[in-house]
Amino acid sequence: NIDLENFHYPPKNPAALARVICDVQAALRAKGMRLHSQDMPLIPPWHPDFNISALSQCMDFVLPMAYCNLQSTTVAGPTIRLDVLQDLFLRHTYIYKGKPIATPVWEIQPEKIVLGLPFFGNNFECNNTAPVPFPVHPPGGGPAPICELTRPSDHQMLDHFASMQIYNSETVTSGPGIGFDAVKASAWFEYTNKTTHRRHQVWFEDPRSVRAKSEFA
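Summarised in this report is the structure supplied together with it. Keep in mind the model is a prediction, meaning the values are calculated, not measured.

Considerations on the overall build of the chain
Logical step 1: When helices and strands are counted, the chain shows five helices and eleven strands.
Logical step 2: Each of the 217 residues in the chain was classed as buried or not, and the buried ones make up 42%.
Logical step 3: Carbon and sulfur atoms make up 58% of the accessible area of the chain, which amounts to about 11,800 Å² in all.

Some points on the environment of His155
Logical step 1: Note on placement: His155 falls in strand β7 (residues 155-158).
Logical step 2: Overall, the relative accessible area of 22% leaves His155 in the partly exposed class.

Things to note about the pattern of salt bridges
Logical step 1: Scanning the entire structure with this criterion turns up seven salt bridges.
Logical step 2: Asp83 is paired through a salt bridge with Arg81; the nearest N and O atoms lie 2.5 Å apart.
Logical step 3: Since its relative accessible area comes to 27%, Arg81 is described here as partly exposed.
Logical step 4: A salt bridge links Arg199 to Glu190, with the shortest nitrogen-to-oxygen separation between them at 2.6 Å. Summarising the burial analysis for this pair, Arg199 and Glu190 share the class buried.

Regarding the sheet that holds strand β1 (residues 2-3)
Logical step 1: Across the sheet, three strands lie side by side as β1-β2-β3; this open sheet has parallel pairing. The open sheet terminates on both sides in strands that have one partner only, identified here as β1 and β3 (61-63).
Logical step 2: Bridge count between strand β2 (residues 36-38) and β3: three bridges; the pairing is parallel. Each residue of the ladder has a partner; that of Ser37, found in β3, is Val62.

Regarding unusual backbone geometry
Logical step 1: A cis amide bond links Val132 to the next residue, Pro133, at an omega of -5 degrees.
Logical step 2: Turning to its location among the elements, Pro133 is positioned in the loop between β6 (121-125) and β7.
Logical step 3: If you check the backbone angles, His197 has positive phi at about 60 degrees while not being a glycine.
Logical step 4: With respect to the secondary-structure elements, His197 resides in the loop between β10 (186-192) and β11 (199-204).
Logical step 5: Looking at His197, the relative accessible area reads 61%, which means it is exposed.

Concerning the nonpolar core
For soluble globular proteins, the rule of thumb is that nonpolar side chains tend to be buried together.
Logical step 1: Core analysis: the biggest nonpolar cluster contains 13 residues, and Ile2, Leu17, Ile21, Leu35, Phe50, Leu55 and Met59 have the highest contact counts within it.
Logical step 2: For this core, the secondary structure elements donating two or more residues are α1 (14-30) and α2 (52-57).

A closer look at the state of the cysteines
Logical step 1: Within this structure, the stated rule accounts for two disulfides.
Logical step 2: Paired through a disulfide, Cys22 and Cys58 show a sulfur-sulfur distance of 1.5 Å. Given an S-S torsion of about 65 degrees, the disulfide between Cys22 and Cys58 has right-handed geometry. In this pair, Cys22 is assigned in helix α1 and Cys58 in the loop between α2 and β3, connecting sequence segments 36 residues apart.
Logical step 3: Taking relative accessible area as the criterion, Cys58 reaches 7% and is therefore assigned buried.
Logical step 4: Disulfide pairing places Cys126 opposite Cys147 at an S-S distance of 2.1 Å.

Thoughts on the pairing of β11
Consecutive residues of a regular strand have side chains that alternate between opposite faces of the sheet.
Logical step 1: Most of β11 sits out of view: six of its six residues are buried.
Logical step 2: Pairing analysis gives six bridges linking β10 to β11, with the strands arranged antiparallel. Across the sheet, Tyr191 pairs through a bridge with His200, a residue of β11.
Logical step 3: In this structure, the hairpin formed by β10 and β11 is closed by a connection of six residues, where His197 is found at a positive phi of approximately 60 degrees.

Regarding the layout of surface pockets
Logical step 1: Here the second largest pocket is characterised by a volume of approximately 290 Å³.
Logical step 2: Forming the walls of the second largest pocket are Phe89, Leu90, Val105, Trp106, Ile108, Pro110, Ile113, Leu115, Phe216 and Ala217.

What counts and how
Residues numbered from 1 in each chain as written. Predicted model: local features only at pLDDT ≥ 70, side-chain atom pairs only at ≥ 80, totals over all residues. Heavy atoms only, no water. Helix = DSSP H or I, 4+ residues; strand = E, 2+ residues; numbered from the N terminus. Buried < 20%, exposed > 50% of the residue type's maximum accessible area, 1.4 Å probe, protein only. Areas by Shrake-Rupley, 256 points an atom, 1.4 Å probe, with all protein chains shown as cover. Salt bridge = Lys/Arg side-chain N within 4 Å of Asp/Glu carboxyl O. Pairing = 2+ DSSP bridges. Core = buried A, V, L, I, M, F, W, Y, C linked by side-chain atoms within 4.5 Å. Disulfide = S-S within 2.5 Å. 1 Å grid on protein atoms, 1.4 Å probe; cavity = no way out; pocket = protein on both sides within 12 Å on 5 of 7 lines; lining within 4 Å. Points joined across faces, edges and corners; volume = space filled by probe spheres on them.

This is the structure:
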C-alpha cells in the first residue's frame, strides 16, 4: 500500500512521482505481489497537484476511503455521508480556484476502484441547547437537530457497540428509538451526560446505514 494522504505537501514533480510508483509496481509484480493506494487525494484542494490518471495506471487497485472531513466542520454529523459520497463519485467537475476541473475519480479505471467505508461513529458534545420541544423523528428516518461544536475536535470516536452502550446507559433525550437521517444514511441519537449535564449527539453506523452505503458502493 502507498498511502498518499500522508503527502502533506503536493509533489513538485507529479510525473516523477508517477514513474517511481510504476517502478515500485513492476518490482512488486516480479515477486507476485500487487500494489494499491489507500486514501488517494480525490478531494480539492489536494488532487489538482497529483496526476491521478498516471498514478492509477500503476496501481492494481485504488482504495479511496469515504471519510467526511470532521476537522473542517462546526456541526455534528456522521463519518460517512451518503450525499457526500454521491456528490464525490457522480459529479464530473469541480470548481477549483475559479476554474472547472475534472473530478479525479473519473480518471481511474472503474474496475480498479474499491470503495473503503470506515464504519465508525462519533460522540459530539454540543455547544447549543436542544430545541424545545424536541422534534419527533418519523419511523422511516429524519434529520437530527443542529448540534454546534465549540471546536471541531469536540468528539470521541466510537464503534457501533460503544454507541449502543451509551444509548442503553445514558438518559436519551431524542425520543424513543434511534433516529436515522435518510439523506446522510446514518443513525443518530441524543443524550444528556449524567455527570456534566451537557447535551451530546451521537452519530454512528447501524444495519440501515451499512446497507445504504454498501449498495451505493
